[in-house]
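Descriptive structure summary
Listed below are the residues making up each chain.
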Amino acid sequence: SNFVGVLLGVLSADNTNVGFYNIALQISIPLSMLPNILSTVLYKKFVFLDFINRKILIILFFLCMSVYLCILIFSKSFILVVFGNRYMTSVPLIKYMCLGALLYGIADFFNKFILSKGCGKKLRNVSLIVGIVVISISYPFIKLWGCYGAAYIKAVAGLVYLSSIIYTYKTSFQNKNGN
């Protein structure tokens, strides 16, 4: 997101778009932090598990969706009260930024499980894929859609990251255990 924010600043006529983007980014951060906290707490258990328990995934999904919906419901009021009417342009960006953060967070949860198994090379490959996609789409998305394009990048990158990490998880662990 630092790369996208910098590129947005370079390609924009002024830095107001960067401000809108950064407000949406900051509001979306709890969605990526929640799964990271849960996976950090479970990391010692991950070392001894062959796969991620379905109950844990349901809890993760429920918590993430609850936070996601709360952010979407209350973000407009929050921005109005804290930043004022001039920053309401951030509100539509939040849904894409939150979607991207949600996908990133869930992917990070799987990432931590895979990391506990010592599969650093596989995770490096996932990072390379995501990085290539972000770099490839950043210029055209920001050039065409400005701060909205930057928000779309977050969502697309989250989708690519989650898809790649789930593929890695399924091919590395789930099929070996028959689950």
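Residues numbered from 1 in each chain as written. Predicted model: local features only at pLDDT ≥ 70, side-chain atom pairs only at ≥ 80, totals over all residues. Heavy atoms only, no water.

1. Some details on the overall build of the protein
Secondary structure assignment for the protein yields six helices and zero strands. Helices and strands in the protein line up, N terminus first, as α-α-α-α-α-α. Over its C-alpha trace the protein gives a radius of gyration of 17 Å, about what one expects of a compact globule, namely 16 Å for 179 residues. Counting across all 179 residues of the protein, residues that qualify as buried make up 43%. Counting only contacts in the protein whose residues sit at least 6 apart along the sequence, the fraction spanning at least 24 positions is 80%. About 9,900 Å² of surface is accessible on the protein, with carbon and sulfur atoms providing 67% of the total. (Helix = DSSP H or I, 4+ residues; strand = E, 2+ residues; numbered from the N terminus. Rg over C-alpha atoms; globule rule 2.2 N^0.38 Å. Buried < 20%, exposed > 50% of the residue type's maximum accessible area, 1.4 Å probe, protein only. Contact = heavy atoms within 4.5 Å. Areas by Shrake-Rupley, 256 points an atom, 1.4 Å probe, with all protein chains shown as cover.)

2. Here's the deal with a nonpolar patch on the surface
A grouping of Leu 69, Leu 72, Ile 73 and Phe 74 is seen on the molecular surface, where their side chains present a nonpolar patch of about 390 Å² in accessible area. Mapped onto the fold, Phe 74 is located in helix α3 (residues 54–82). Looking at Phe 74, the relative accessible area reads 53%, which means it is exposed. (Patch = residues over 30% accessible without salt bridge, like charges linked within 9 Å, V, L, I, M, F, W, Y side chains within 5 Å. Salt bridge = Lys/Arg side-chain N within 4 Å of Asp/Glu carboxyl O.)

3. Points about the side chain of Ser 90
Mapped onto the secondary structure, Ser 90 falls in helix α4 (residues 90–116). Exposure remark for Ser 90: the relative accessible area of 0% places this residue in the buried category. Setting aside residues no more than four positions away along its own chain, Ser 90 makes contact with Phe 20, Ile 23, Ala 24 and Ile 79.

4. Some details on the packing of helix α1 (residues 2–11) against helix α2 (residues 16–48)
Following both chains from N to C, one finds α1 and α2 inclined at 155°, their axes separated by 8 Å at the closest point. Judged on the interaxial angle alone, α2 and α1 are roughly antiparallel. The element α1 and its partner α2 pack so that their crossing is right-handed. Along its contact with α1, which presents Val 4, Gly 5, Leu 8 and Gly 9, the element α2 presents Asn 17, Val 18 and Tyr 21. Within the contact of α1 with α2, the residues separate by chemical class into four nonpolar, three polar and no charged. (Axes fitted to C-alpha atoms, helices over the stretch in contact; angles between N-to-C directions. Parallel < 35°, antiparallel > 145°, perpendicular 65-115°, else oblique. Left-handed = near helix turned anticlockwise from the far one by under 90°. Nonpolar A, V, L, I, M, F, W, Y, C, P; charged D, E, K, R; others polar.)

5. Some thoughts on the packing of aromatic side chains
How two aromatic rings sit relative to each other is given by the distance of their centres and the angle of their planes. Scanning the model with the defined rule gives 14 aromatic pairs in all. A centroid spacing of 5.6 Å and a plane angle of 70° characterise the contact between Trp 145 and Tyr 152, whose relative ring orientation is edge-to-face. Of the aromatic side chains, those joined through ring pairs into one cluster are Phe 46, Phe 109, Phe 110, Phe 113, Tyr 169 and Phe 173. Taking NZ or CZ as reference, Lys 154 lies 4.5 Å from the ring centre of Tyr 104, over its face. (Phe/Tyr/Trp six-rings, centres within 6.5 Å; stacked < 30°, edge-to-face > 60°. Lys NZ or Arg CZ within 6 Å of the ring centre and 35° of its normal.)

6. A look at the confidence of the model for the protein
Chain-level pLDDT for the protein is 92 on average; 96% of the residues reach the 70-or-more range. Ranking the elements of the protein by mean pLDDT puts α1 last with 81 and α4 first with 96. (pLDDT = per-residue confidence, 0-100.)

7. Some thoughts on the packing of α2 against α3
Two numbers describe how α2 lies on α3: the axes approach to 10 Å, and their chain directions differ by 160°. By the angle between their axes, α2 is roughly antiparallel relative to α3. Where α2 crosses over α3, the handedness of that crossing is right-handed. Here Ile 23, Ile 27, Pro 30, Leu 31, Leu 34, Pro 35, Leu 38 and Leu 42 of α2 come into contact with α3, specifically with Ile 56, Leu 60, Leu 63, Cys 64, Val 67, Tyr 68, Ile 71, Ser 75, Phe 78 and Ile 79. Residues of the contact of α2 with α3, tallied by class, amount to 17 nonpolar, one polar and no charged.

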